[in-house]
Amino acid sequence: MRIVRYFFSRWQNWLGLLIVLMFTVVAISAPLLSPPDKNTQGSFKKVGRSSDRTPHPPSETSILGTLPGQIDVYHTLVWGAREAMQFGLSVAIGAFIFGTLFGSVAGYFGGFVNNIMMRIADAFLTFPVVAGVVLLQQLVAVTIESLGGIYWLNNDYFGRVIDFQFTPPPFAVFLMKVDPILISLIIFSWMPVARIVNTMVLTLKNKEFIQSSRALGASPAWIIFRHLIPNSVGPAVVLAARDVGSSVILQATITFVGLGGASAWGILLSIGRNWIIGPGGGLLRYWWVFLPVTIAIVLFGVGWNLLGDGLLEVLDPAANAYGGTSMIKRKQAKGKKEAQSASDSKSIHHESDSVAVQTATQGISVTLQNNPPVSHSQEKHPVLQVAREAIAKKDFEHAIHAYSHLIKHRRNLNEIRQDMIEYVREHANEAVIWTLLGDVLTQEGKMEYAEKAYEHARNLTQ
Amino acid sequence: MPPILQFLIRRIFSAFISLIIITMVLYSGFMLTPPEARARIYLPPGKGGERASEQYIENIIKENHLREPYLVQYFYWAKSLLQGSWGYSPTLNADVLPSLLHRTPATLELALYSLLMLIPLGLASGLVSGWRPGSVFDSSFRGLAFLGTSTPSFIVSIILISILYIQLDWLAPGRIDVKTELQMFRSGFVEYTGALTLDSLLNKRFDIFIIALKHLIMPVFTLSIYHWATLGRITRASIMNERGKEYIVAARARGVKESKLIWKHALRAILAPSLTAMALSAASIVTGLFVTEIIYGLTGISQIIVIAMSSYPDAPAALGFSVYSVIMVLGLMLILDFIQATLDPRVREEVLKA
């Protein structure tokens, strides 16, 4: 529950979640908010004669006015939200699935294969999305053409036209069904997911529980799907969630500049653009052509970005690009409150503990995590804050100095022990941290566990 | 050989390897289409669309080894790329490579001015706001940066055009207006580089220089704002890490002036992480470049995809454009690497050692 509370302690995260929820509600209840009728075509609804080429201001028939051709702005806004949500989530899910598979397979095989595969992933980073979008559409086009069909691009912003004079072959039917923009955005957004999953799998796969699974005769597929992927999805989900907003904005951009794609919001803007930036037009004069849809697009992007940043910060305080109050500092500010929630923390770490349980620290971490925290009444010592801040800044020398000071004076031993167990998990090869852990345990009188920690430190230094 | 040259050669070599990998990936995507479709990138002028008979296509397939295994096909395709035959584009009515090269100066002009704007400004604003987090400058920077990253470029450009062009008529979209172009043509304006701002200076025509600048301001601003904000944020985050380091404290204790601390010591230290992050988003800068060009009607290389997407299928143009834009991204990465290597003492030392 601590993570949830951290998440909600920032108003940015609240705002992000609120906006995303709002769009979800609009997307789900679109048929109620603006029921389609016989004049509806896709996400567009005509509320007058389509030969009338001037946009009309808001009236009773159309709450937010109309575009040239009497297309209702409100209807497209609502149904566009539904489309945008579907599109963004599809890209994110596609990127997540492909990235996770790619990263974990590469990591599982390791060595040479891993190098080649990750090099390929890096190569994708040098490919501008716009070029990819155009290329994929053209490839589909020439394929359709070589199969005997007719392909026409950009028909009045309402998408491509594919026509066959005869029953189309199955491959062509498949090509007609998939959205090339969706596919190309997935192709160009899976790399960060693959990278992070790969890193986690590389560290996980040498842990004992994987090796014992392998010794029991588990197949690579079983190990990858049953062990490696479930243990490394967390950050991957967050990275993929960040794609939702950006991919919808990209889709709208591509549609707006006329490179294909069928973003309803993008089409709305491109139909209305001449009334804003054409002669005699103006932002304020024909505001309903521009403002509502712009606000929708910007809000959609902002909402998902805030949510993504918030989730990322909760998972990995160091990655906080805003450089705001980091989670570790926040821990201090909460001081006493945290004491009550300390027992909650056990359940959050449960999943990562299942990893730790299998490691060399087996005996230690299991027993210690199961021990209920003892000394809540004790005030947090200011030096503990210094130590944690130093760790957050990766300033290990200061941190170690501060921690040993605290241990020597038997201050906040409980917290320090928990910290040490956390650090040991991250930096398993640091003899100093093992020694510190030993010191804490000695002070607490748990001599046999302390002995194990010291032994580990000795092994590392030799 | 001077070490910096060695460094450059090493980087160019590694960029070349990346180019090979990405073209291999590109071609493997192309392999998913039937050979008859692949043959269309080799069609000569006048044979596009329905006009190529089946027998004709079959001949092209044989000639270009399009039924051979993947690696053989890739080899022949890469060979033809290296020989400069990038295919004939039916929509452009011209060969792909010359059309790309002809339009490059305009694109490079926009890229150059944008980078010259956004790198110094991004670094400086990130530095100043991260040095004193919570100050007025910091909070206004964070607000602006948030606005910059969350407003899509096409919306920024709609707003800019409608205010600065339609309402106030100060600036203009497009590369140059018709009247000036005609006048340039009559007065014997020589195109040395193809970039208008440079050419007008070389021709000593300062009036045209001013006009060309007026046409560049809006696109440069649109392109810079997003990446300025991203670079500024990264710089801000790394300077906040750096600020408490011992060497800064020690320098301050020695009596080094605060301004010198920021602009000499801290700046050097954060240059590497900031520019590395920038190099990683090089592809997104180039994408932004294309989008900006299309919106403002600058006739750079993105004009090719606009034309290619306007009527019937044109795979050679799309394929050529993709390869060319990858080369542009790799070039941009190389330049950022080079800046970093010459300015960051740690990287420079590493270069000297190697």
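Computed from a prediction, not measured in an experiment: that's the story for all the values here. (Residues numbered from 1 in each chain as written. Chains lettered and ligands numbered in written order. Predicted model: local features only at pLDDT ≥ 70, side-chain atom pairs only at ≥ 80, totals over all residues. Heavy atoms only, no water.)

## A look at the overall build of chain B
Our working definition: Elements are defined by DSSP. Helices are runs of H or I of four residues or more, strands are runs of E of two residues or more, and each kind is numbered from the N terminus. Only protein chains enter the area calculation, which uses a 1.4 Å probe; residues under 20% of their type maximum are buried, those over 50% are exposed, and those in between are partly exposed. Computed with a 1.4 Å probe, the accessible areas rest on the Shrake-Rupley method; for each residue, only the protein chains presented here act as cover. As used throughout, the charge tally considers Lys and Arg to be positive and Asp and Glu to be negative, leaving His and the chain termini uncounted. Here the site of a charge means NZ on Lys, CZ on Arg, CG on Asp, or CD on Glu.
A tally of helices and strands in chain B yields 16 helices and 2 strands. Its C-alpha atoms put chain B at 80 × 55 × 40 Å along the principal axes. In chain B, which comprises 354 residues, the proportion classed as buried is 51%. Accessible surface for chain B amounts to roughly 16700 Å². Of this, 66% is attributable to carbon and sulfur atoms. If you average the places of the 31 positive and of the 24 negative side-chain charges in chain B, the two averages end up 10 Å apart.

## Remarks on the overall build of chain A
Counting its secondary structure elements, chain A contains 22 helices and 6 strands. Taken as a whole, chain A presents about 21400 Å² of accessible surface, with 62% of it coming from carbon and sulfur.

## Some details on the interface of chain B and chain A
Convention followed: Throughout, a residue-residue contact means that at least one pair of heavy atoms, one from each residue, lies within 4.5 Å. The definition of a polar contact used here is a pair of N or O atoms within 3.5 Å, where within protein one atom must be able to donate a hydrogen and the other to accept one, and adjacent residues in sequence count solely through side-chain atom pairs. Residue classes follow a fixed rule: Ala, Val, Leu, Ile, Met, Phe, Trp, Tyr, Cys and Pro count as nonpolar, while Asp, Glu, Lys and Arg count as charged, and any other residue, Gly among them, counts as polar.
With 63 residues of chain B in contact, the opposing surface of chain A contributes 54 residues. Summed over the shared surface of chain B and chain A, the number is 4 residue pairs in polar contact (both at pLDDT 80 or more). Going through the elements one at a time, helix H1 (3–30), helix H2 (35–38), helix H6 (136–150), helix H7 (153–167), helix H10 (206–242), helix H13 (282–296), helix H14 (302–308) and helix H15 (315–343) of chain B are the ones with two or more residues in the side of chain B that touches chain A. Residue classes in the side of chain B that touches chain A are distributed as 41 nonpolar, 15 polar and 7 charged.

## Focus on the packing of helix H6 (residues 129–146) of chain A against helix H7 (residues 170–177) of chain A
All names here are of chain A. So the rule is basically this: Only the stretch in contact is used when fitting a helix axis, every axis being a line fitted to C-alpha atoms; angles between N-to-C directions are given from 0 to 180 degrees. Roughly parallel covers angles under 35 degrees, roughly antiparallel covers those over 145, roughly perpendicular covers 65 to 115, and oblique covers all other angles. Crossings are classed by handedness, with left-handed meaning an anticlockwise turn of the near helix from the far one by less than a right angle and right-handed meaning a clockwise turn.
Where H6 meets H7, the axes come as close as 10 Å, and the angle between the chain directions of the two elements is 150°. The angle between the axes of H6 and H7 places the two elements in the roughly antiparallel class. Two packed elements cross with a definite hand, and for H6 against H7 that hand is left-handed. Residues Val140, Thr143 and Ile144 of H6 form the contact with H7, whose own contacting residues are Phe171, Ala172, Leu175 and Met176.

## As for the side chain of Ser200 of chain B
Relative to the helices and strands, Ser200 of chain B resides in helix H9 (residues 196–202). If near-sequence neighbours (up to four positions away) are discounted, Ser200 of chain B is found in contact with Phe189, Arg205, Ile208 and Phe209 of chain B.

## Some thoughts on the packing of helix H14 (residues 287–315) of chain A against H7 of chain B
Contact geometry for H14 of chain A and H7 of chain B: axes closest at 11 Å, N-to-C directions at 150°. Between H14 of chain A and H7 of chain B, the interaxial angle falls into the category roughly antiparallel. When you trace H14 of chain A past H7 of chain B, the crossing you get is left-handed. For the pair H14 of chain A and H7 of chain B, the contacting residues are Phe290, Thr294, Ile297 and Val298 of chain A in the first and Phe154, Ile155, Ile158 and Ile159 of chain B in the second. Residues that form the contact of H14 of chain A with H7 of chain B fall into these classes: 7 nonpolar, 1 polar and no charged.

## Considerations on helix H4 (residues 73–109) of chain A
Residues and elements named next belong to chain A. Note the cut-off: What a helix is expected to span follows from its residue count: subtract one and scale by 1.5 Å.
Its 37 residues place the ends of H4 53 Å apart at the C-alpha level, agreeing with the 54 Å of an ideal helix rising 1.5 Å per residue. Where H4 begins, one side-chain oxygen reaches toward the backbone nitrogen of Tyr74, 3.5 Å away; that side chain belongs to Asp72. Gly110 sits one or two residues past H4 and shows a positive phi near 65°.

## Comments concerning the packing of aromatic side chains
All names here are of chain A. For clarity, the threshold we go by: Pairing of aromatic rings covers Phe, Tyr and the six-membered ring of Trp, with a centre-to-centre limit of 6.5 Å; geometry is then stacked below 30 degrees between planes, edge-to-face above 60, and tilted otherwise.
All told, the structure shown has 26 aromatic pairs over all chains when counted by the stated rule. An angle of 45° between the planes, with centres 4.7 Å apart, marks the rings of Phe8 and Trp14 as tilted. On the basis of relative accessibility, which here comes to 30%, the residue Phe8 falls in the partly exposed class. Residue class for Trp14 comes out partly exposed when judged on its relative accessible area of 45%. With 5.3 Å between their ring centres and 65° between their planes, Phe124 and Trp190 make a pair best called edge-to-face. On the criterion of sequence distance, the pair formed by Phe124 in helix H5 (residues 111–125) and Trp190 in the loop between helix H8 (180–187) and helix H9 (191–204) is long-range, its members being 66 residues apart. For Phe124, a relative accessible area of 12% puts it in the buried group. What makes Trp190 buried here is its relative accessible area of 2%. Through pairs of rings, three or more aromatic residues link up here, namely Phe98, Phe102, Phe124, Phe127, Phe188 and Trp190.

## Some remarks on the pattern of salt bridges
All names here are of chain B. Operational definition: We count a salt bridge whenever a side-chain nitrogen from Lys or Arg sits within 4 Å of a carboxyl oxygen from Asp or Glu.
Inspection of the entire model under this criterion finds 13 salt bridges over all chains. Note that Arg67 is salt-bridged to Glu36, the shortest N-O span being 3.8 Å. In this pair, Arg67 is assigned in the loop between helix H3 (54–63) and helix H4 (70–82) and Glu36 in helix H2, connecting sequence segments 31 residues apart. In this structure Glu36 comes out as partly exposed when scored by relative accessible area, which is 28%. Close ionic contact of Arg67 with Glu58 constitutes a salt bridge, the shortest N to O distance being 3.1 Å. Each of Glu36, Glu58 and Arg67 takes part in one network of salt bridges that share partners.

## Digging into the environment of Leu89 of chain A
If you trace the backbone, Leu89 of chain A turns up in helix H4. With 89 residues separating them in the primary sequence, Leu89 of chain A and Val178 of chain A have C-alpha atoms 16 Å apart.

## Brief notes about the confidence of the model for chain A
What counts here: What pLDDT expresses is the predictor's confidence in each residue, scored from 0 to 100.
Predicted confidence across chain A gives a mean pLDDT of 77, with 84% of residues reaching 70 or more. Confidence over residues 317–377 of chain A falls short of pLDDT 50; this stretch has 96 contacts with residues more than four positions distant or in other chains.

## A few points about unusual backbone geometry
Residue and element names in this part refer to chain B. One non-glycine residue, His65, adopts positive backbone phi at about 60°. By the element assignment, His65 lies in the loop between H3 and H4. The residue Asn93 is not glycine, and still its phi comes out positive at about 65°. One can find Asn93 in the loop between strand E1 (88–89) and strand E2 (94–95).

## Section: a nonpolar patch on the surface
All names here are of chain A. To keep it simple, the criterion reads: Patch members must show over 30% relative accessible area and no salt bridge, and they are joined within 9 Å when carrying like charges or within 5 Å when they are nonpolar side chains of Val, Leu, Ile, Met, Phe, Trp or Tyr.
A contiguous nonpolar patch, built from Leu89, Ile93, Ile97, Leu101 and Phe225 and spanning about 440 Å² of accessible area, is present on the exposed surface. The element contributing the most residues to the nonpolar patch is H4, with 4 residues. The residue Phe225 is located in helix H11 (residues 220–256) in this model.

## Digging into the side chain of Thr292 of chain B
All names here are of chain B. Within the secondary structure, Thr292 sits in helix H13. You can call Thr292 buried: its relative accessible area is 2%. Among residues more than four places away in sequence, those in contact with Thr292 are Pro219, Thr222 and Leu223.

## Structural notes on helix H10 (residues 208–215) of chain A
All names here are of chain A. We apply this condition: An arc is given here, and it is the one of the directions from the helix axis to the C-beta atoms.
All of the buried residues along H10 are Phe209, Ile210 and Ser213. One side of H10 holds all its buried residues, which, seen down the axis, span an arc of 105°. Remark: Gly217 follows H10 within two positions and exhibits a positive phi of approximately 95°.

## Focus on the nonpolar core
Note the threshold: We define the nonpolar core as a collection of buried residues of types Ala, Val, Leu, Ile, Met, Phe, Trp, Tyr and Cys that are connected through side-chain atoms lying within 4.5 Å of one another.
Leu259, Trp265, Leu269, Ile297 and Phe300 of chain A are the most contacted members of the largest nonpolar core, which totals 179 residues. Considering every element that reaches this core, the biggest residue donor is H15 of chain B, with 14 residues. Aside from chain neighbours lying at most four places away, what touches Leu259 of chain A is Val130, Val133, Val134, Gln137, Ile181 and Ile254 of chain A together with Ile294, Ile305, Val306 and Met309 of chain B. Counting residues in each nonpolar core, the second largest holds 26 residues, with Val424, Tyr449, Ala453 and Ala457 of chain A among its members.

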